[in-house]
Amino acid sequence: MSAAANPGKRLAVIPMKDPSRAKTRLSITLAPRDREALARGLFRATIARLQEAVARLPQGAIDIAVVSNSPAIARIARQAGLICIDDNDPGTLSLAVEAAADWASANGYEALCVLPGDLADPSPDDLAQLLAYPLDGARAVLCPATDLGTNALLVPLPCPFAFAYGQKSLIAHRRAAEAAGLCPVVLPLDSLRVDIDTAEDLSCLLAQNPQALMREGAR
Ligand SMILES: Nc1nc2c(ncn2[C@@H]2O[C@H](COP(=O)(O)OP(=O)(O)OP(=O)(O)O)[C@@H](O)[C@H]2O)c(=O)[nH]1
Ligand SMILES: O=C(O)[C@H](O)COP(=O)(O)O
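An account of the accompanying structure is given in this report. (Residues numbered from 1 in each chain as written. Chains lettered and ligands numbered in written order. Predicted model: local features only at pLDDT ≥ 70, side-chain atom pairs only at ≥ 80, totals over all residues. Heavy atoms only, no water.)

The next subject is the overall build of the protein. When helices and strands are tallied, the protein shows 6 helices and 7 strands. Along the protein, from the amino end to the carboxyl end, the secondary structure elements read β-α-β-α-β-α-β-α-β-β-α-β-α. For 219 residues, the compact-globule estimate of 2.2 N^0.38 gives 17 Å, and the C-alpha radius of gyration of the protein, at 16 Å, lies within 12% of that figure. Burial status across the protein gives 51% buried among its 219 residues. (Helix = DSSP H or I, 4+ residues; strand = E, 2+ residues; numbered from the N terminus. Rg over C-alpha atoms; globule rule 2.2 N^0.38 Å. Buried < 20%, exposed > 50% of the residue type's maximum accessible area, 1.4 Å probe, protein only.)

As a further point, take the site of ligand 2. Taken together, Arg25, Asp118, Asp147, Gly149, Thr150, Asn151, Tyr165, Gly166, Ser169, Asp195 and Asp197 make up the full set of residues adjacent to ligand 2. Side-chain polar atom of Asn151 to an oxygen atom of ligand 2: 3.4 Å apart, as the coordinates give it. Within the side chain of Ser169, an N or O atom sits 2.4 Å from an oxygen atom of ligand 2. Burial of ligand 2 by the protein amounts to 84% of the accessible area it has alone, namely 310 Å². A class-by-class count of the residues in the shell around ligand 2 yields 1 nonpolar, 5 polar and 5 charged. (Near = heavy atom within 4 Å. Polar contact = N/O pair within 3.5 Å; in protein donor to acceptor, adjacent residues only side chain to side chain. Areas by Shrake-Rupley, 256 points an atom, 1.4 Å probe, with all protein chains shown as cover. Nonpolar A, V, L, I, M, F, W, Y, C, P; charged D, E, K, R; others polar.)

Glancing now at the sheet that holds strand E1 (residues 10–15). Spatially, E3-E2-E1-E4-E6-E5-E7 is the arrangement adopted by the 7 strands of the open sheet, whose pairing is mixed. The open sheet has two edge strands with one neighbour each: strand E3 (83–86) and strand E7 (183–186). Strand-to-strand, the axes of this sheet are offset by a mean angle of 20 degrees, without reference to chain direction. Sheet topology note: the strand E5 (residues 139–144)/E7 ladder contains 4 bridges and is parallel. For Ala140, the partnering residue across the bridge sits in E7 and is Pro184. Strands in contact with helix H5 (residues 169–179) are E5, strand E6 (150–156) and E7; relative to E5, the strand with the most contacts, it is inclined by about 175 degrees. (Pairing = 2+ DSSP bridges. Axes fitted to C-alpha atoms, helices over the stretch in contact; angles between N-to-C directions. Contact = heavy atoms within 4.5 Å.)

Of all hydrophobic cores here, the largest spans 32 residues; its most connected members are Phe43, Leu115, Leu130, Leu131 and Leu192. Looking at this core, the elements that each hand over two or more residues are E1, helix H1 (32–55), strand E2 (62–68), helix H2 (71–79), strand E4 (111–114), helix H4 (124–131), E5 and E6. With 5 residues, H1 is the single largest residue contributor to this core. Non-local contacts of Leu130, meaning those with residues more than four positions away in its chain, are made with Arg10, Cys113, Leu115, Val141, Cys143, Ala152, Leu154, Leu187, Leu189 and Leu192. (Core = buried A, V, L, I, M, F, W, Y, C linked by side-chain atoms within 4.5 Å.)

This brings us to the site of ligand 1. Taken together, 17 residues surround ligand 1, and among them Pro15, Lys17, Lys23, Thr24 and Asp87 come closest. Between an oxygen atom of ligand 1 and a main-chain N or O atom of Arg25, the distance comes to 2.9 Å. Interatomic distance of 3.1 Å between a backbone N/O atom of Val67 and a nitrogen atom of ligand 1. Surface burial for ligand 1 is 88%, taken as the share of its 620 Å² of free accessible area covered by protein chains. The set of elements that each furnish at least two residues to the shell around ligand 1 consists of E2 and helix H3 (93–106). Here the residues of the shell around ligand 1 are counted per class, giving 7 nonpolar, 4 polar and 6 charged.

So, about the pairing of E4. Here E4 shows no split at all, with Ala111 and Cys113 on one side and Leu112 and Val114 on the other all buried. Pairing of E1 with E4 involves 4 bridges; the strand directions are parallel. Residue Ala12 lies in a different strand from E4, and its bridge partner there is Cys113. Alignment of E4 against E6, held across 4 bridges, turns out to be antiparallel.

Closest axis-to-axis distance for the H1/H4 pair is 8 Å, and the angle between their directions is 60 degrees. In this view, H1 runs oblique relative to H4, as classed from their interaxial angle. Our pair here, H1 against H4, has a crossing hand that is right-handed. In this structure, H1 contributes Arg49, Leu50, Glu52, Ala53 and Val54 to the contact, and H4 contributes Pro124, Leu127, Ala128 and Leu131. The residue makeup of the contact of H1 with H4, split by class, is 7 nonpolar, no polar and 2 charged. (Parallel < 35°, antiparallel > 145°, perpendicular 65-115°, else oblique. Left-handed = near helix turned anticlockwise from the far one by under 90°.)

Shown next as structure tokens:
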């Protein structure tokens, strides 16, 4: 693909660690194989919801990708028909997302939407609203997590500021977008507020979906 390949298109990207290294904050609550199963299960659910959202939008408007260095994640992504971007394991979420932004710019996409692969229950309606949000060349859209993290964002490409994931990243992203001359829009979408980081998040998830920790070994 080249820069001329995707004019007017947006790329939705899910950053993913290898499942064997994921969900470390749940180490006290879950055995390694359960953390791995949870990470895979949440990733598959995110893909399905995103595909449902994309199907509601004009055909060809959005492509979906994963950015990861994990062969296990690449296998799941390819089976689902996603684009796989290899981030060469740069060591942080921000650098992995930067690798995806660079790839998307080089391939001619006009905007990048970043969604973590550990959202508890993202709704296709909310995802479609975010994916279709008008940027008018100068907006950056930020969807807050309950803890003031950034659970989703939509930026024009090339993105004029550095990603700043970490504690209270919503505030950091808002400032960075503004400093780079963009107009930051905070878009609170209920179903994008909760990701599964802590034991409390997990018990809420299991109350709603007791299958969330089903073993995935056979797939
Ligand atoms: N490609 C890539 N994805 C990452 C990286 N760090 C985090 N992610 C992904 O970003 C999303 C949010 O991740 P976190 O909640 O920070 O990490 P986690 O592994 O899910 O959980 P913890 O280990 O408890 O921090 C998940 O989809 C992760 O797989 C990274 O270094 N590279
Ligand atoms: O804002 C962030 O850093 C992202 O939402 C990732 O946050 P998490 O570590 O809370 O999942």
